[in-house]
Amino acid sequence: MYDVLREIPLIDTHVHRVHPEREPEFGQIAGGYIKGSGQEYHSRCTILYEMIMQELRVKFGMEKDASNEQVEMERFRRFKADPAGYTGELFSEGNVAMSLFEIGSPLRGKAFTEEEIAWFQKLIPEEKRRSIVRIERSVDELLPMELSFSEFTDAFIKDMEARILREDAVGLKSSVAYYGGLNICLSDEKKAAESYQRLLLNKGTKEDEKCLYTYTLMQGVELAVKHGIPLQIHTGSGGGSLDFKSFNPVGLTDFLRDSRVFDRVKIVLLHGGHPHEEDTSFLTAQFSNVYTDCSGTFYLSTVGAVNRMRALLERTPLSKIMYGSDGVMMPELAWFGHRYFRKLLTKVMMQLIEEGFVRESRAYEFVKMMMHNNALECYSKLKEKIKPI
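These remarks concern the structure in this document. Just so it is clear, the model here is predicted, and its values are computed rather than measured. (Residues numbered from 1 in each chain as written. Predicted model: local features only at pLDDT ≥ 70, side-chain atom pairs only at ≥ 80, totals over all residues. Heavy atoms only, no water.)

### Details of the overall build of the chain
The line we're drawing: The helix count covers DSSP runs of H or I at least four residues long, the strand count covers runs of E at least two residues long, and both are numbered beginning at the N terminus. Using C-alpha atoms as the atom set, the radius of gyration is obtained and then compared with a globule rule of 2.2 Å times the number of residues to the power 0.38. For every residue, the accessible area obtained with a 1.4 Å probe (protein chains only) is divided by the maximum for its type, and the residue is called buried under 20%, exposed over 50%, and partly exposed between those limits. The contact criterion used throughout is that any non-hydrogen atoms of two residues lie within 4.5 Å.
When its secondary structure is counted, the chain shows 16 helices and eight strands. Its C-alpha atoms give the chain a radius of gyration of 21 Å, within 12% of the compact-globule value 21 Å for 389 residues. Along the first, second and third principal axes, the C-alpha atoms of the chain reach 65 × 50 × 40 Å. Residue burial in the chain is summarised as follows: out of 389 residues, 56% are buried. The long-range fraction of contacts in the chain, counting pairs at least 24 apart against all pairs at least 6 apart in sequence, stands at 79%.

The structure is reproduced here in structure tokens:
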């Protein structure tokens with residue numbers, strides 16, 4: 001089956017731009033996002049780091065007993081000699097038909113400059129990339145302007161409209177999980193205005209921030225409806241600034257039931273809610289407009305990846321699962337994701353066939369759906385450039 005999966009072109013529904021001057025310490029390729037004594041060492045003692053090093057060892061044609069230090073040295077030799085060539089090479093591998101780049105990153109950080117964007121976009125053919133606009137990028141950039149609340153909301157809508165049209169965006173994204181967690185209490189205009197004022201006066205609390213960003217999330221919902229595009233929401237584990245106490249996607253239940261969301265706009269729960277894959281599967285089964293990607297089930301799971309993927313399949317309609325690499329910071333992550341996902345999906349599907357859960361012919365239908373066709377149905381604007389397989 002793996003030979004067949006290698007020939008199926010992937011649609012990567014969640015990936016980030018990279019740039020040489022924005023790379024963090026290389027050990028962060030395997031985690032350790034919260035800085036602290038010894039993190040560089042500890043991150044290199046993870047299974048994920050070993051897996052990535054092994055893939056690079058093979059790519060570079062190095063001996064099996066070449067040390068991780070030697071692999072890193074070879075990586076940086078190639079990278080520093082030709083950053084654009086090395087990065088472009090990795091993004092060109094993996095048989096990827098289309099990548100949907102979330103263009104709001106980095107979270108709470110300085111936006112990519114025009115020069116950085118131009119550098120990166122030269123590496124990816126135009127016909128193989130589309131954009132996802134992140135809501136919080138607009139909010140973060142408007143707050144320092146100290147507008148009145150009515151001026152702020154008007155400017156936010158205008159700015160988001162401009163970004164959607166300028167980028168010809170195929171979707172929106174919210175990282176509200178990083179601004180107070182996923183235990184969402186929907187905000188009305190009066191409460192949002194009060195929270196906004198406190199934030200401007202530097203008297204705001206985490207609850208005020210959560211209130212404001214939840215309010216703008218609902219405005220994002222209306223924009224997604226207007227433009228006929230889905231809304232991605234970060235769920236599950238993530239970077240060091242995430243509210244670790246409330247990243248379970250079940251916290252979105254009231255949001256999903258709200259009449260402004262329910263059956264009006266497609267919602268994509270990113271990362272499969274990892275490590276809460278079964279909760280994600282329940283939500284996708286119950287709400288007709290809720291989908292998921294599976295990036296957290298393989299990149300973040302490593303030794304438990306097969307079980308995590310199976311947990312996501314517990315209830316999720318296989319018409320609602322899509323591939324996403326969540327490649328970020330370094331070009332190796334998207335490249336590694338494309339390779340590892342195919343191996344993982346092969347293992348899972350072979351198990352399901354052997355255990356009698358699915359017929360072999362149906363399993364092949366499912367892998368085409370998960371790797372390619374489901375993305376076309378969810379992100380319908382993609383149909384303008386790509387055909388189902």
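Don't stop here, the text continues.
### Observations concerning the packing of aromatic side chains
The line we're drawing: Each Phe, Tyr or Trp ring, with Trp reduced to its six-membered ring, pairs with another whose centre is within 6.5 Å; inter-plane angles below 30 degrees give stacked pairs, above 60 give edge-to-face pairs, and intermediate values give tilted ones. Charge over a ring is defined by NZ of Lys or CZ of Arg lying within 6 Å of the ring centre and within 35 degrees of the ring normal.
This model, assessed by the stated rule, comprises 13 aromatic pairs. A ring pair is formed by Phe-26 and Phe-76, whose centres lie 5.3 Å apart and whose planes are at 70 degrees; its orientation type is edge-to-face. Of this pair, Phe-26 sits in the loop between strand 1 (10–16) and helix 2 (39–43) while Phe-76 sits in helix 4 (residues 68–81), and the two are 50 residues apart along the sequence. Pairwise contacts between aromatic rings join Phe-149, Phe-152, Tyr-196 and Tyr-215 into one cluster. One residue, Arg-17, lies across the ring of Phe-112, its end atom 5.2 Å from the ring centre. If you follow Arg-75 out to its NZ or CZ, it ends over the ring of Phe-79, 4.3 Å from the centre.

### Observations concerning the environment of Phe-262
Along the chain, the position of Phe-262 falls in the loop between helix 11 (253–257) and strand 6 (267–270). Exposure remark for Phe-262: the relative accessible area of 40% places this residue in the partly exposed category. When the C-alpha atoms of Phe-262 and Asn-289 are compared, they prove to be 7.2 Å apart, with 27 residues separating the residues in sequence. In this structure, Phe-262 is in contact with Leu-256, Arg-257, Phe-287 and Asn-289, ignoring residues within four places of it in sequence.

### Topic: the sheet that holds strand 1
For clarity, the threshold we go by: Whether two strands pair depends on DSSP finding at least two bridges between them. Convention adopted: a line fitted to C-alpha atoms gives each axis, helices being fitted over their contacting stretch, and angles between N-to-C directions are expressed from 0 to 180 degrees.
Taken in spatial order, the eight strands of this open sheet run 1-2-3-4-5-6-7-8, and their pairing is parallel. In this open sheet, the two strands that pair with only one neighbour each are strand 1 and strand 8 (321–322). Inspection of the sheet shows strand 4 (residues 171–174) paired to strand 5 (residues 231–234) by three bridges, in the parallel sense. Across the sheet, Lys-173 pairs through a bridge with Gln-232, a residue of strand 5. Packing against the sheet, helix 8 (residues 149–167) makes contact with strand 3 (129–134) and strand 4, and its axis sits at approximately 175 degrees to strand 3.

### Brief notes about unusual backbone geometry
In this structure, the amide linkage connecting Ser-105 to the following residue, Pro-106, adopts the cis form with an omega of 5 degrees. Residue position: Pro-106 is located in the loop between strand 2 (96–102) and helix 6 (114–121). Backbone torsion omega between His-274 and Pro-275 reads 10 degrees, so that peptide bond is classified as cis. Checked against the element boundaries, Pro-275 lands in the loop between strand 6 and helix 12 (277–286). One non-glycine residue, Asp-263, lies in positive phi territory at about 60 degrees. Along the chain, Asp-263 falls in the loop between helix 11 and strand 6. Note on Asp-263: relative accessible area 52%, which makes it exposed.

### Focus on the packing of helix 9 (residues 189–200) against helix 10 (residues 206–227)
If you want to describe how two helices pack, look at the angle between their axes and the distance between the axes. This is how it is decided: Orientation labels follow simple angle bins: below 35 degrees gives roughly parallel, above 145 gives roughly antiparallel, 65 to 115 gives roughly perpendicular, and whatever is left gives oblique. In a left-handed crossing the near helix is turned counterclockwise from the far helix by less than a right angle, and in a right-handed crossing that turn is clockwise.
The geometry of helix 9 relative to helix 10 is characterised by a closest axis approach of 8 Å and an angle of 130 degrees between their N-to-C directions. By the criterion of interaxial angle, the relationship of helix 9 to helix 10 is oblique. Every pair of crossing elements has a handedness; the one defined by helix 9 and helix 10 is left-handed. Contacts between helix 9 and helix 10 involve Glu-189, Lys-191, Ala-192, Ser-195, Tyr-196, Arg-198 and Leu-199 on the former and, on the latter, Asp-208, Glu-209, Cys-211, Leu-212 and Tyr-215.

### Focus on the environment of Phe-76
What makes Phe-76 partly exposed here is its relative accessible area of 23%. C-alpha separation for the pair Phe-76 and Leu-10, spaced 66 residues apart in sequence, amounts to 28 Å. Those residues in contact with Phe-76 that sit more than four places away from it in its chain are Glu-23 and Phe-26.

### What about the state of the cysteines?
Joining two cysteines, a disulfide is a covalent bond between their sulfur atoms. This is how it is decided: Any cysteine sulfur atom paired with another within 2.5 Å is treated as part of a disulfide.
Under the definition given, this model contains zero disulfides. Counting only cysteine sulfurs, Cys-185 is the nearest neighbor of Cys-211, a cysteine outside any disulfide, at a range of 9.6 Å.

### Some words on the pattern of salt bridges
Any two side chains of opposite charge can pair if their charged atoms end up close together. Put simply, the rule reads: Salt bridges, as used here, are contacts in which a Lys or Arg side-chain nitrogen is within 4 Å of a carboxyl oxygen on Asp or Glu.
The final tally for this structure, using the stated rule, is 29 salt bridges. The salt bridge involving Arg-44 is made with Glu-72; its shortest N-O contact spans 2.7 Å. Here Glu-72 lies in helix 4 and Arg-44 lies in the loop between helix 2 and helix 3 (47–59), a separation of 28 residues in the sequence. Classification of Glu-72 by relative accessible area gives buried; the value is 13%. Asp-159 is paired through a salt bridge with Arg-163; the nearest N and O atoms lie 2.7 Å apart. Placement of the pair is Asp-159 and Arg-163 together in helix 8, with a separation of four residues, close to one helical turn.

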